[in-house]
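Commentary on secondary and tertiary structure
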Amino acid sequence: MSFISETDLRANFSAAMSAMYRTEVPAYGQLIDLVAKTNATVIHRQSDFSQRLQAGDGLARLSAERHGAIRLGSAEELAMMRRLFALMGMYPVDYYDLSVAGIPVHSTAFRPITLQALNENPFRVFTSLLRLDLISDDSLRDIASSIISKRQIFSTKMTDLIEKAEVSGGVPQDDANAFIAEALMIFKWRQTALVSKALYKTLHDTHRLIADIVSFPGPHINHLTPRTLDIDAAQTEMHEVGLNAKAVIEGPPKRACPILLRQTSFKALEETVKFQDGITGAHTARFGEIEQRGAALTPKGRTLYDTCLARARDDCAPAADGSNAQHYQTALDEAFKEFPDDWHEMEAAKLAYFYRDNASSKGTLIPVIYEDFLPVSAAGIFQSNLGDNTTQKITASSNQKLFETALGTAVADPFALYAALASENL
Ligand code: OOG
Ligand code: NI
C-alpha cells in the first residue's frame, strides 16, 4: 500500500481549511491578501532579516503558514482529535490554563515538532477543552454534559478512516481525499443549533464560551491566523481597509529582535442560527487574527518576559474597549527596557535559543522561531471576542493532570523541543 506522508496530509488539510474559511468568513480572505502584501514589502526592505528567516525556517513556509483554533466539549472528543491530528504529524505541545483569566477551558496546541516537519508545513491548531467542572450550577452542568455526550462530531466514515490508518501505519493515498473531506466536515460552521433559543440564552448568560461549545453539532473552526513579518504595518493596513482590529497588540512590544509572539484580531462576525424550536437568532464566535513570530525563549528568557509583561499590566491594565491603548503601549515599552534587544546580548545571557553555528552562517546568530502560544495573549484574544457580561465568575484552577487524562497522553514540553532544535546544525 502506498501512503500519503503526514506532511502532505497536513499541508493539504491546512490548505483545504483555508479555502473553506475564505468562503465562510470573507474578511479572512481580505486578511490573507493583506498579509501577503505586507510580507512581500518586508522581505524586499530587510535583507538581513529575510536572510535570517530563510536560514532559520524557510521563506517558503510563510505563505502557507497559519494556525487555527477549536473548542471541544468532552474527553472523548479530545482523545479522538489527538488521533486525527497524529496522522497529520501534529502532536500536543504545552498546557494552557485559561481559567486564570476567567475562561472555563484548558488547552494545548497540536503541531509538528521536528525541524523538517516545521519547515515543510508548520500548521498548528490551538485546541481547548470545556471545563464542565467549573460550571457551578448543577442542573446546567448536567444539561450541558448530556448534550455534549449525545453529539457525534466525527462521522462514522471519519472514525473508520482513522482506525484503518492506525492499523495500516498511515493514510493510504487512495483514502487521502476522503480523509480530508471528512476532516473538513468536523470544523465546518453549522447553523442548525442543538438547543432551543431559551437554552442558548441560559448557556450564553452563564458564559458565552459555554454557549459556543454546547449549542452546536460540531467544533467550528473559530479563526485561522496567517503569519505576518510586520504586525504593526499589517495592523495599520487592517484599519485602512476597514477591518476592525483590536487597539492593542497582544504580547511583547515592537522590538529590533522579535521574541515569542505578537498577535491582534478583528471582531467576530454575527452569524445566523436556527434553533431547535424553529426560532432564528444570531451567534458571534468566528473572527480573524494575525500574528508575528520571533525567537523562542529559554526558561530564563521566558521568566524575564513574564516579569516584564506583568509589570506593564500592573502599571496599566489594557481596557477591552481600547480606550487606554496609548498608555498601555508606553507601560509595555517601559517595562521591556530590561529585556536586551540585541541577538548577541540575548545569546550571552542565555535568554533565547539559537541554532548552532556552521560554515555558511559564521558569526550570524539564527534564532529558533517560537512555535507555540502565550496564555495571557490567548486570554486577551478570547476576551475580545466574548465580552464580559457573564453571570458566572470562573475560579482559577489549573489541572494539567485532568487535561492529560482526557487527552490520553502527556503534552510535550516546549522547552525540550526548542533545545533539541537549537542543537541542530542548519
Ligand atoms: C483560542 C484563542 C487562543 C491564540 O492565538 O492565542 C489563540 C480560541 O479563541 O478558541 O488562538
Ligand atoms: Ni489564535
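Parameters and conventions
Residues numbered from 1 in each chain as written. Chains lettered and ligands numbered in written order. Predicted model: local features only at pLDDT ≥ 70, side-chain atom pairs only at ≥ 80, totals over all residues. Heavy atoms only, no water. Helix = DSSP H or I, 4+ residues; strand = E, 2+ residues; numbered from the N terminus. Rg over C-alpha atoms; globule rule 2.2 N^0.38 Å. Buried < 20%, exposed > 50% of the residue type's maximum accessible area, 1.4 Å probe, protein only. Contact = heavy atoms within 4.5 Å. Areas by Shrake-Rupley, 256 points an atom, 1.4 Å probe, with all protein chains shown as cover. Lys, Arg positive; Asp, Glu negative; His and termini not counted. Charge placed at Lys NZ, Arg CZ, Asp CG, Glu CD. Near = heavy atom within 4 Å. Polar contact = N/O pair within 3.5 Å; in protein donor to acceptor, adjacent residues only side chain to side chain. 1 Å grid on protein atoms, 1.4 Å probe; cavity = no way out; pocket = protein on both sides within 12 Å on 5 of 7 lines; lining within 4 Å. Sits in = over half its atoms within 2 Å of the grid points. Nonpolar A, V, L, I, M, F, W, Y, C, P; charged D, E, K, R; others polar. Pairing = 2+ DSSP bridges. Axes fitted to C-alpha atoms, helices over the stretch in contact; angles between N-to-C directions. Points joined across faces, edges and corners; volume = space filled by probe spheres on them. Parallel < 35°, antiparallel > 145°, perpendicular 65-115°, else oblique.

Let's shift gears to the overall build of the protein chain. In terms of regular secondary structure, the protein chain is built from 18 helices and nine strands. For the protein chain, whose C-alpha radius of gyration is 21 Å, the value lies close to the compact-globule estimate of 22 Å for 426 residues. The C-alpha extent of the protein chain, read off along each of the three principal axes, is 65 × 60 × 40 Å. Out of the 426 residues belonging to the protein chain, those deemed buried represent 57%. Sequence-distant contacts in the protein chain: of pairs separated by 6 or more residues, those separated by 24 or more amount to 76%. A total accessible area of about 17,300 Å² is found for the protein chain, and carbon and sulfur atoms account for 53% of it. Positive and negative side-chain charges in the protein chain, numbering 42 and 52 respectively, have mean positions lying 1 Å apart.

Surrounding ligand 1, one finds H67, A69, R71, F126, N222, H223, Q263, E289, F373, A378 and F382. Between N222 and ligand 1, the recorded distance is 3.0 Å, taken from a side-chain N or O atom to an oxygen atom. Separating an oxygen atom of ligand 1 from a side-chain N or O atom of H223 is a distance of 2.9 Å. Protein chains shield 100% of the accessible area of ligand 1, which is 320 Å² for the free molecule. The cavity where ligand 1 resides is the largest cavity. Taken together, the elements giving at least two residues each to the shell around ligand 1 come down to β1 (66-72) and α16 (375-384). Residue contributions to the shell around ligand 1 peak at three residues, all from β1. Tallied by class, residues from the shell around ligand 1 come to five nonpolar, four polar and two charged.

Here we come to the sheet that holds strand β3 (residues 105-111). Across the sheet, which stays open at both edges, the five strands sit in the order β2-β3-β4-β1-β5 with mixed pairing between neighbours. Since the sheet does not close on itself, it has two edges, and those belong to β2 (91-97) and β5 (223-226), each with one partner. Taken pair by pair, the neighbouring strands of this sheet meet at an average axis angle of 20°, ignoring direction. Packed onto the sheet, α16 meets β1, β2, β3 and β4 (124-130) and runs at close to 70° relative to β4.

Quick look at empty space enclosed by the protein now. By the definition in use, this model includes five cavities of 30 Å³ or more. Roughly 150 Å³ of volume is contained in the largest cavity. Considering the residues around the largest cavity, the lining is formed by 17 residues, among which F126, H223, A378, I381 and F382 are closest to the centre. The set of elements that each furnish at least two residues to the lining of the largest cavity consists of β1, β4 and α16. Tallied by class, residues from the lining of the largest cavity come to nine nonpolar, six polar and two charged.

Before going further, it helps to examine unusual backbone geometry. One non-glycine residue, D94, lies in positive phi territory at about 70°. If you trace the backbone, D94 turns up in strand β2. With phi around 50°, L260 is a residue other than glycine that occupies positive phi space. As for its placement among the helices and strands, L260 is situated in the loop between α12 (231-240) and β6 (261-266).

Once that is clear, we can look at the side chain of E65. Within the secondary structure, E65 is located in the loop between α4 (60-64) and β1. Within the structure, E65 has its side chain in polar contact with the side chain of R124 (distance 3.0 Å). A polar side-chain atom of E65 sits 3.0 Å from a polar atom in the side chain of R227. Beyond its immediate sequence surroundings of up to four residues, E65 is in contact with P122, R124, T225, P226, R227 and R293.

By the element assignment, A419 lies in helix α18 (residues 414-422). Among the residues examined, A419 registers a relative accessible area of 36% and is labelled partly exposed. Separated by 66 residues in sequence, A419 and Y353 have C-alpha atoms that sit 7.0 Å apart.

A separate point is the packing of helix α1 (residues 6-24) against helix α2 (residues 26-45). Running from N to C, α1 and α2 point in directions that differ by 120°, and their axes come no closer than 5 Å. Taken together, the axes of α1 and α2 lie oblique to each other. Facing α1, whose interface residues are S18, Y21, R22, T23 and E24, α2 presents P26, Y28, G29, I32 and D33. Its residues placed into classes, the contact of α1 with α2 shows four nonpolar, three polar and three charged.

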